[in-house]
Amino acid sequence: MPDAEGHFGPFGGRYVPETLVYPLQQLEEEYFRAQHDPAFQQELDYYLREFVGRPTPLYRAARLTEELGGARIYLKREDLLHTGAHKINNALGQVLLARRMGKTRIIAETGAGQHGVATATVAAMFGFQCVIYMGAVDCERQALNVYRMRMLGAEVVPVHAGQKTLKEAVNEAMRDWVTHIRSTHYILGTAYGAHPYPVMVRNFHRVIGDEARRQILEQEERLPDLLMACVGGGSNAIGLFYPFLNDPGVRMIGVEAGGLGIIPEQHAARFHGGSLGVLQGTRSYILQDEHGQIQMTHSVSAGLDYAAVGPEHAWLHDQGRVEYAYATDEKALEAFMRLARTEGIIPALESAHAVAEAIRIAPTMRKEDIIVINLSGRGDKDVMQVAEKVGLSGSVSAGKCGSGSS
Amino acid sequence: MNRIESRFARLRSQQRKGLVVYIGAGDPHLEATRQLALEFDQAGVDVLELGVPFSDPLADGVVNQLAAQRGLASGTTPSSVLKTVADIRRDSQIPIVLYIYFNLLHRVGLDHFIAQAAAAGVDGLLILDLPPEEADDYEALMRKAGMCPIWLVAPTTPDARIERIARRAQGFIYYVSREGVTGMQSTVSTSIGDMTQRIRQHSQLPIAVGFGISNPDQAREVATHADAIVVGSAIVNRIAQLGSDPTLAAQVGAFVRSLADAVRSASASPA
Ligand SMILES: Cc1ncc(COP(=O)(O)O)c(C=O)c1O
């Protein structure tokens, strides 16, 4: 998977305006050449190790495990990577590809800002001009990352169309790309979009699962029983899951954003309120109305607040290989605080969705069972937003450095 | 022969160039769309392209995005656009192409949508985000319904691909004359003549050239290289300015007449 045209069963493919078809074919060819070029792999491995900080630890969350009283929980610490999330695995791979193709300019969309920061970082590293599209609402709620991108020399363009979040940022990035197709490479930030993006992004992230597999075999001398990851477009989840797909004993759960509950326009759980459609280059599950107009979404987490899901996840869902659950805003916020206070790790709000589902499910499992959660990013970007929501946002300078609530 | 094919056959026999006009359906409302269509028919428009409003028009520039938003705001749906086409058909035989994003067909089913469109009197479909590689079912259904699938060729399309597209095309081939989204330009692309010649090596079909043409001078210039020209955003922009003004159809019609005259004057000079 996928087939030569990028189909995962009935999903995937390449649904784009004609101007993009040939450039996507060229990208595909160059990517497959690079994939089989030892020099490309060596250079990628070098930067992943020396710049990004791979491998990341597989950390046994002993206190959380004990508190929940069920399965042993391990955290794959993608939050420890340079720039603070898994996104840089893919951004680095694609920037090396852009250099091979002789491009001079990089663009990307971003939701939480983590992919934007990762892209701005690799663009700075290799001397590319860089433009990041970000919904105006996301610019507000992830303001820290907007500053980081600007410091790294990127231009951040707020997008005011529609609901002003990730989907609109993707539309705007695609419009930029068709307009500057000869000079520009578009570093799409998730396992979504037209072929070859879903397969390419997956392959740049499979290092997460490859490492986790080796690490759990070292530490426990067996494979885990359950893998869990949050699913926005699906890149961190497919990165963890992919190397385990042929291990029938390994169960997998992707966790979507349940927002305020499964009510139209109040969530982003495509497998719970979505249907088959075609959006932004690919065929997959999407949230849409009866006429095929794309519905509004909501999530406390900007990185999961998206109306569509990657085509490989759609395929794995329909095959019954991966299960898809959702966590509401409320549960994700609880998990965010709980991980901070039991393990000393502040997770990204996106990753907190996976933690929330693990908190629900671990107590129902046996003590000898093993869960691996992909901790896809750290929560620095979310600190202000969460502080307001959980009532920790009083003045910190006026002598009120108290312990806060809960 | 459907209406598109017979219109181009007539243009060819009269050695005339054609004018294709794009507007967003339901902008500001569908009754205005109907009136504009009838006005354009009188003004000498050869093909009317009706944009079906979509929530995420990623191939469109800001002018057409705003038109789609106004269309959605006026309650326009794919089925109400088809109903409007049926209404137009009571008074006019102007060839009509729907300019549409694939999800809107996909949602109700290709066979269903295509059958309904044909029944309403639509003559062709131009699906922005459906390349020929994904279109086997679509083509079979279009053939059965007697509608023309209109395919795009872009400046980035290599020769081998032009040939493949040309083999599948019916009605006319739409050459998108520059890399980018829809929208007006102060100058037109200089490579149009080269590209239309390359397309002609693979196809006898008429070639319409569009994207960015905004005034009669540009229309005349581009028409010397093409069989027809397409004007969209410049008209949509006028509709946006006039909104629900009762003279909307008359005023936009006057502008379209100036484009039709320019295209006709290009017909007199050899290509
Ligand atoms: C930390 C983190 N995790 C997860 C995601 C969701 O994306 P994906 O589903 O592609 O992993 C994001 C996206 O912004 C993110 O920043």
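Bear in mind that the values here come from a model prediction, so they are computed numbers and not experimental data.

Draft legend 1. Region of interest: the overall build of chain B. The secondary structure content of chain B amounts to 12 helices and 9 strands. For chain B, whose C-alpha radius of gyration is 17 Å, the value lies close to the compact-globule estimate of 18 Å for 271 residues. Overall, chain B is about 45 × 40 × 35 Å in size when its C-alpha atoms are taken along their principal axes. For chain B, the residues scored as buried account for 56% of the 271 residues in total. The contacts of chain B with a sequence gap of at least 6 include a subset with a gap of at least 24, amounting to 75%.

Draft legend 2. The overall build of chain A, seen in detail. Within chain A, the regular secondary structure consists of 15 helices and 14 strands. Taking 406 residues into account, the globule formula puts the C-alpha radius of gyration at 22 Å, and chain A, at 20 Å, falls close to it. Principal-axis analysis of the C-alpha atoms places the extent of chain A at approximately 55 × 50 × 50 Å. Evaluated residue by residue, chain A yields a buried proportion of 59% over its 406 residues. Of the contacts formed within chain A by residues at least 6 apart in sequence, a portion of 74% connects residues at least 24 apart.

Draft legend 3. Inspection of the nonpolar core at higher detail. Counting residues in each nonpolar core, the largest one holds 230 residues, and the members touching the most others are A:Ile371, B:Val21, B:Tyr174 and B:Ile229. For this core, the element with the highest residue contribution is helix H9 (residues 197-220) of chain A, accounting for 9 residues. Both domain 1 (7-49 + 87-197) and domain 2 (54-84 + 206-389) of chain A contribute no fewer than three residues apiece to this core.

Draft legend 4. Structural detail: the sheet that holds strand E1 (residues 7-8) of chain A. Residue and element names in this part refer to chain A. Strand order in this open sheet of 4 strands is E1-E2-E12-E11, and the pairing throughout is antiparallel. Across the chains shown, the open sheet's two edge strands, defined by having one partner strand only, are E1 and strand E11 (275-279). In the sheet, strand E2 (residues 11-15) pairs with strand E12 (residues 281-286) via 2 bridges, with the strands oriented antiparallel. Within E12, the position partnered with Gly 12 by the bridge is Arg 283. Docked against the sheet, helix H12 (residues 311-319) engages E1, E2 and E12, running at close to 45° with respect to E12.

Draft legend 5. Quick peek at the packing of helix H2 (residues 30-43) of chain B against helix H4 (residues 78-89) of chain B. Residues and elements named next belong to chain B. Contact geometry for H2 and H4: axes closest at 10 Å, N-to-C directions at 35°. Remark: the crossing between H2 and H4 carries right-handed chirality. Facing H2, whose interface residues are Leu 30, Thr 33, Arg 34, Ala 37 and Leu 38, H4 presents Ser 80, Thr 84, Asp 87 and Ile 88. Partitioned by chemical class, the residues of the contact of H2 with H4 number 4 nonpolar, 3 polar and 2 charged.

Draft legend 6. Representation of the sheet that holds strand E4 (residues 124-127) of chain B. Residues and elements named next belong to chain B. The sheet built from 9 strands is open, its strands ordered E5-E4-E3-E2-E1-E9-E8-E7-E6 with parallel pairing. Of all strands in the sheet, those bounded by a partner on one side alone are strand E5 (148-149) and strand E6 (151-153). Here E6 runs beside strand E7 (residues 173-176); their pairing, made up of 3 bridges, is parallel. When the sheet's bridge partners are listed, Val 153 is paired in E7 with Tyr 175.

Draft legend 7. Region of the structure containing the site of the ligand. Residue and element names in this part refer to chain A. Close contacts around the ligand come from 22 residues, with Gln 114, Gly 232, Ser 235, Gly 303 and Gly 377 the closest. Every element with two or more residues in the shell around the ligand is listed here: helix H5 (114-126), helix H10 (235-241) and helix H14 (349-361). The leading source of residues in the shell around the ligand is H10, at 3 residues. Across the shell around the ligand, the residue classes break down as 7 nonpolar, 13 polar and 2 charged. Split by domain, the shell around the ligand shows at least three residues from each of two domains, domain 1 (7-49 + 87-197) and domain 2 (54-84 + 206-389).

Draft legend 8. The arrangement of the environment of A:Arg202 in detail. All names here are of chain A. Of note, Arg 202 is situated in helix H9. Residues Arg 202 and Gln 42, spaced 160 residues apart in sequence, show a C-alpha to C-alpha distance of 18 Å. Not counting residues within four places of it along the chain, the set of residues in contact with Arg 202 comprises Ala 191, Ile 238, Gly 239, Tyr 242 and Glu 312.

Draft legend 9. Inspection of the interface of chain A and chain B at higher detail. The interface of chain A with chain B comprises 29 residues on the first partner and 30 residues on the second. Among the secondary structure elements, those contributing two or more residues to the side of chain A that touches chain B are E2, helix H1 (18-35), helix H8 (166-179) and E11 of chain A. Sort the elements by how many residues they give to the side of chain A that touches chain B and H8(A) lands first, with 6 residues. Among the residues forming the side of chain A that touches chain B, the class breakdown is 13 nonpolar, 11 polar and 5 charged.

Draft legend 10. Up close: the domain arrangement of chain A. Residue and element names in this part refer to chain A. Examined at the domain level, chain A breaks down into domain 1 (7-49 + 87-197) and domain 2 (54-84 + 206-389). For domain 1 and domain 2, the distance between their C-alpha centroids amounts to 22 Å. Secondary structure elements with two or more residues in the side of domain 1 that touches domain 2: E2, helix H2 (38-52), helix H4 (87-100), H5, helix H6 (136-141), helix H7 (143-151) and H8. In terms of residue count, the dominant contributor to the side of domain 1 that touches domain 2 is E2 (5 residues). Class assignment of the residues belonging to the side of domain 1 that touches domain 2 gives a composition of 17 nonpolar, 15 polar and 5 charged.

Draft legend 11. Geometry of the packing of H5(A) against H7(A). Residue and element names in this part refer to chain A. The N-to-C vectors of H5 and H7 enclose an angle of 10°; their axes lie 9 Å apart at closest approach. Between H5 and H7, the crossing angle belongs to the class labelled roughly parallel. For the pair H5 and H7, contact is made by Gln 114, Gly 116, Val 117 and Ala 120 and by Asn 145, Arg 148 and Met 149, respectively. The residue inventory of the contact of H5 with H7, partitioned by class, reads 3 nonpolar, 3 polar and 1 charged.

Draft legend 12. View of unusual backbone geometry. All names here are of chain A. A cis amide bond links Arg 54 to the next residue, Pro 55, at an omega of -5°. One can find Pro 55 in the loop between H2 and strand E3 (58-60). Pro 196 follows His 195 through a cis peptide bond whose omega is 10°. Tracing the chain through its elements places Pro 196 in the loop between strand E8 (184-186) and H9. In this structure, Glu 265 takes a positive phi of about 75° despite not being glycine. Given 15 C-beta atoms within 10 Å, Glu 265 falls into the partly exposed group.

Draft legend 13. Looking closely at the environment of A:Gln26. Within the element layout of this structure, A:Gln26 appears in helix H1. Along the sequence, A:Gln26 and A:Arg99 sit 73 residues apart, while their C-alpha atoms lie 14 Å from each other.

Draft legend 14. Fine view of H2(B). Residue and element names in this part refer to chain B. Its 14 residues place the ends of H2 20 Å apart at the C-alpha level, agreeing with the 20 Å of an ideal helix rising 1.5 Å per residue. Considered for burial, the residues of H2 that qualify are Leu 30, Ala 32, Thr 33, Arg 34, Leu 36, Ala 37, Glu 39, Phe 40 and Ala 43. Trailing H2 by a residue or two, Gly 44 shows a phi angle of about 100°, which is positive.

Parameters at a glance
Residues numbered from 1 in each chain as written. Chains lettered and ligands numbered in written order. Predicted model: local features only at pLDDT ≥ 70, side-chain atom pairs only at ≥ 80, totals over all residues. Helix = DSSP H or I, 4+ residues; strand = E, 2+ residues; numbered from the N terminus. Rg over C-alpha atoms; globule rule 2.2 N^0.38 Å. Buried ≥ 20, exposed ≤ 12 C-beta atoms within 10 Å, placed from the backbone. Contact = placed C-beta atoms within 7 Å. Core = buried A, V, L, I, M, F, W, Y, C linked by C-beta atoms within 7 Å. Domains from an automatic or database assignment. Pairing = 2+ DSSP bridges. Axes fitted to C-alpha atoms, helices over the stretch in contact; angles between N-to-C directions. Left-handed = near helix turned anticlockwise from the far one by under 90°. Nonpolar A, V, L, I, M, F, W, Y, C, P; charged D, E, K, R; others polar. Near = placed C-beta within 6 Å. Parallel < 35°, antiparallel > 145°, perpendicular 65-115°, else oblique. Expected span 1.5 Å × (residues − 1).

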